[in-house]
Amino acid sequence: MSLDTLGIVALEILNSITILVLLALGLALIFGMMRIVNLAQGEFFTAGAFTVLTAVRYAHLPLWAGMLLAPLVVGAIGIAIERLIIRRLYGRPLDVMLATWGVSLLLIGLITVIFGAVTQGIPFALGNFQVGRYSYPEYRIVMTSVAASLMLGVYLLFRYTAFGRRARATIANPQMASAAGINTPRMFMLTFGLGAGLAGAAGAIMAPIVGVVPTMGVLYIARAFITVVVGGPVVLLGTLSSASVLGFIEALISRFSLFKIGTGGHCAPPPCEISIGGSAFFGQIALLIFAIVLLRLLPQGLSGFWRERE
Amino acid sequence: MRRPSSTEALAALLLLLPLLAVPWAFKPYTANVLAVYMIYGILALSLSLIWGYAGIMSFGQTAFFGIGAYAYGAIGLNLIHRTHQTHLALLGGLLAATLLAAVVGYFMFYGRISDVYASIITMALTLVLFAFAVSTGGDEWVIGVARFGGFNGMFGQGESSQNIANFQIPPVTVWLPGMAAPFPFKINRESAAGYFLVLGVSGVMYVLARALLASRLGRVAIGIRENEARVASLGYDTRFYKLALFTIAGAIAGLAGMLFAAWGRFVNPDRFGLGFAASTVVYVLLGGRTTLLGQTPLDPVLQWREQLISTDDVTNGIAIENPSRMYIPDE
């Protein structure tokens, strides 16, 4: 393997990790910290993408303005959903799951009614750069830096600010936090809103590279949940490390064909064969299989494993 | 544990008798629609078995349903023209669902993955299978003459596809030694055999589930639901019992999937989708998690409601989603 191939593979791995971090960051707060199985997380992502679409296509704002707007809009949607629905269901995990599924259907329906069930694209002006013989989109580097800054920002927010301390206290022990004078319902609301806003930001950032369609959320929700589950109890660092491991596997299997199976069908041009590995959904399947095997070996997830060793 | 009372046996009989009369009392359309409701009822029963009795909430029970359906379709399409029966297809579909449930169950329960994580793993499983089934639209995705077909669902190809009847997944067809001709279980103006097949399987599955719950496996499962640590400290390997029940439930879901593919002569990726997975959970919730009998009568009511205000139309914009609505009378 030549040096430029190695470089492009490294960039693709980085890109896979970036996407997993973007998808999982909001869910790390909502599911990892608050233990809310939010099946509408994918629709928060979709709502972020559609905010950008509306801003660029219909309000004629610049792309960056749409992307700044998306987390605010989706965060507001998240806060509204928390206040109207989820607040009434804390401590009832199954009911939350079904209620958020309902929210997910409602949001898909609303978005379809407004924008129609067609796939739309968002034009953007960045080009490619050269890695030896290959060219690689510059936008992916922008995505990686945004994902890294979001991750760092959330980490600093929860680690060092008064809000972060209160939110962590609320999640660790709501009654104790409440007795110490923290407005716990407000903390739950803001954390949920932040999680929703981060999903909206992820949707906004990824909107230019994927087809924007009302049902797009379903394609991402499984990977987001798997990443957070594999991350384990130390939510943010766990999510980062599981995104790294799973992204590595996903990128490699998506890129390289492991072997081929002839199928004897009628193809043009013949012969008909299925290549195992070498396409995006084999990457996803490998990610799921690897995650299930990893959880068999490390039931507490990656960060639970470090914790035990300390 | 709650023993199946004589009241419940009576309720089961009262439910069964009117259902037996349906093909004579109504048009084939009604029998056809009721059959698919009962198929969904079998799927709900499989979820009720592990969720209501062992406390394992499998959000992706539809993964086993879909695998059963696809495996039956692939084998059935290939063999129906050679052997004129679907014995092997039935066996293959059942085997595929059972194996998948056993493997996933092994990794989950022997990794001691608990409550909500088990729901998420199974949900991820069904969603990844959805993503997989959707991506199989290309020409290379064939097994013999069976094309996966991506979003459009599975159908046959090649010379036989000139005839629409050969183009579809075959109905359950039996040709035992001693029979003059193969017998297909269809539902049309001449025959209600397919309806009685589904009704019979529903009944057998119900009795089987009852027997299972009365056995040692069922009693230990209920103990696990109530207090897993205590059952473990009494010397039971709870992992094994969970795995066993999960595998059996997966097999039952796979059976329902095969009946579905044979009933609609069609299967598409939506059987793996989040919508179908969540509706199954809703049916079980509303039917009562522990009343196995509750699943069957409630299902038609909910399905009928769904046909009136179909959410699927909003999300997909296509009416093909619910095959019972594109019902074309069989010749």
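Residues numbered from 1 in each chain as written. Chains lettered and ligands numbered in written order. Predicted model: local features only at pLDDT ≥ 70, side-chain atom pairs only at ≥ 80, totals over all residues.

Undergrad: It is not clear to me how the overall build of chain B should be interpreted in this structure. Could you clarify?
TA: Looking only at helices and strands, chain B features 13 helices and 5 strands. The buried share of chain B, taken over its 331 residues, is 51%. Partitioning the contacts of chain B with sequence separation of at least 6, the portion at a separation of at least 24 is 71%. (Helix = DSSP H or I, 4+ residues; strand = E, 2+ residues; numbered from the N terminus. Buried ≥ 20, exposed ≤ 12 C-beta atoms within 10 Å, placed from the backbone. Contact = placed C-beta atoms within 7 Å.)

Undergrad: What is the right way to look at the interface of chain B and chain A in this model?
TA: The figure often quoted for interface size is the accessible area lost as the parts come together. With 35 residues of chain B in contact, the opposing surface of chain A contributes 36 residues. Of all the secondary structure elements, the ones that give two or more residues to the side of chain B that touches chain A are α4 (87-110), α5 (115-134), β1 (142-143), α11 (274-287) and α13 (311-316) of chain B. If you tally residues by element for the side of chain B that touches chain A, the top one is α5(B), at 11 residues.

Undergrad: How should I be thinking about unusual backbone geometry in this particular structure?
TA: With the exception of glycine, the majority of residues adopt a negative phi angle, and the majority of peptide bonds are in the trans configuration. Despite not being glycine, A:Arg35 shows a phi value in the positive range, around 65 degrees. Examined against the element boundaries, A:Arg35 turns out to sit in the loop between α1 (3-33) and α2 (41-58). The residue B:His84 is not glycine, and still its phi comes out positive at about 60 degrees.

Undergrad: Quick question: what am I supposed to make of α5(B) here?
TA: In an α-helix, one turn spans 3.6 residues, which is why side chains three or four residues apart end up on the same side. Helix length check: α5(B) (20 residues) gives 29 Å between terminal C-alpha atoms against 28 Å at 1.5 Å per residue, within 8%. Counting buried residues in α5(B) gives 14 out of 20 residues, a clear majority hidden from the surface. (Expected span 1.5 Å × (residues − 1).)

Undergrad: For this particular structure, what's the right way to read the nonpolar core?
TA: Nonpolar side chains in soluble globular proteins tend to end up buried together. Membership of the largest hydrophobic core comes to 200 residues, with the highest contact counts inside it found for A:Phe225, B:Ile39 and B:Ala124. Ranked by residue count, the leading element in this core is helix α2 (residues 28-54) of chain B, at 18 residues. Not counting chain neighbours up to four residues away, the residues in contact with B:Ala124 comprise A:Ala222, A:Phe225, A:Ile226 and A:Leu288. (Core = buried A, V, L, I, M, F, W, Y, C linked by C-beta atoms within 7 Å.)

Undergrad: Sorry, what's going on with the confidence of the model for chain B here?
TA: Close inspection of predicted coordinates is inappropriate for parts of the model with low pLDDT. Residues and elements named next belong to chain B. On average, residues of chain B score 80 in pLDDT, and 82% of them are at 70 or above. The low-confidence segment residues 305-331, where pLDDT is below 50, has 31 contacts with residues more than four positions distant or belonging to other chains. At the level of chain-chain contacts, confidence expressed as ipTM amounts to 0.83, with global pTM at 0.85. (pLDDT = per-residue confidence, 0-100.)

Undergrad: So what exactly am I meant to see when it comes to the packing of helix α11 (residues 280-297) of chain A against α4(B) here?
TA: When two helices pack together, their arrangement is given by the angle between the helix axes and the distance between those axes. Contact geometry for α11(A) and α4(B): axes closest at 7 Å, N-to-C directions at 35 degrees. The handedness of the crossing between α11(A) and α4(B) comes out as left-handed. Together, A:Ile292, A:Val293, A:Leu295 and A:Arg296 of α11(A) and B:Val104, B:Phe107 and B:Tyr110 of α4(B) make up the contact between the two elements. Taken together, the residues that form the contact of α11(A) with α4(B) break down as 6 nonpolar, no polar and 1 charged. (Axes fitted to C-alpha atoms, helices over the stretch in contact; angles between N-to-C directions. Left-handed = near helix turned anticlockwise from the far one by under 90°. Nonpolar A, V, L, I, M, F, W, Y, C, P; charged D, E, K, R; others polar.)

Undergrad: Even after reading the chapter, I still don't get the pairing of strand β2 (residues 134-137) of chain A, so can you show me in this structure?
TA: Working note: regular strand, side chains alternate between the two faces of the sheet. All names here are of chain A. In terms of strand pairing, strand β1 (residues 128-131) meets β2 through 4 bridges, oriented antiparallel. Note that in β2 the partner of Val 131 across the bridge is Tyr 134. Counting the residues between successive antiparallel strands, the hairpin from β1 to β2 contains 2 residues, one of them, Gly 132, with a positive phi of roughly 60 degrees. (Pairing = 2+ DSSP bridges.)

Undergrad: Please explain the packing of helix α3 (residues 61-83) of chain B against α4(B) as it appears in this structure.
TA: Residue and element names in this part refer to chain B. α4 packs onto α3 with a crossing angle of 150 degrees between their chain directions and a minimal axis gap of 8 Å. Looking at the two axes, α3 sits roughly antiparallel to α4. Where α3 crosses over α4, the two elements pack in a sense that is right-handed. For the pair formed by α3 and α4, the contact residues are Ala 63, Phe 64, Ile 67, Gly 68, Ala 71, Tyr 72, Ile 75, Gly 76 and Leu 79 on the first element and Leu 88, Ala 89, Leu 90, Gly 92, Gly 93, Leu 94, Ala 96, Ala 97, Leu 100 and Ala 101 on the second. Along the lines of polarity and charge, the residues of the contact of α3 with α4 split into 15 nonpolar, 4 polar and no charged. (Parallel < 35°, antiparallel > 145°, perpendicular 65-115°, else oblique.)

Undergrad: When you look at the pairing of strand β3 (residues 257-262) of chain A in this model, what are you seeing that I'm missing?
TA: All names here are of chain A. Little of β3 sits inside the fold, with 0 of its 6 residues counted as buried. In this sheet, strand β4 (residues 273-277) lies alongside β3 in antiparallel orientation, the contact comprising 5 bridges. Residue pairing in the sheet places Gly 262 in a bridge with Glu 273 of β4.

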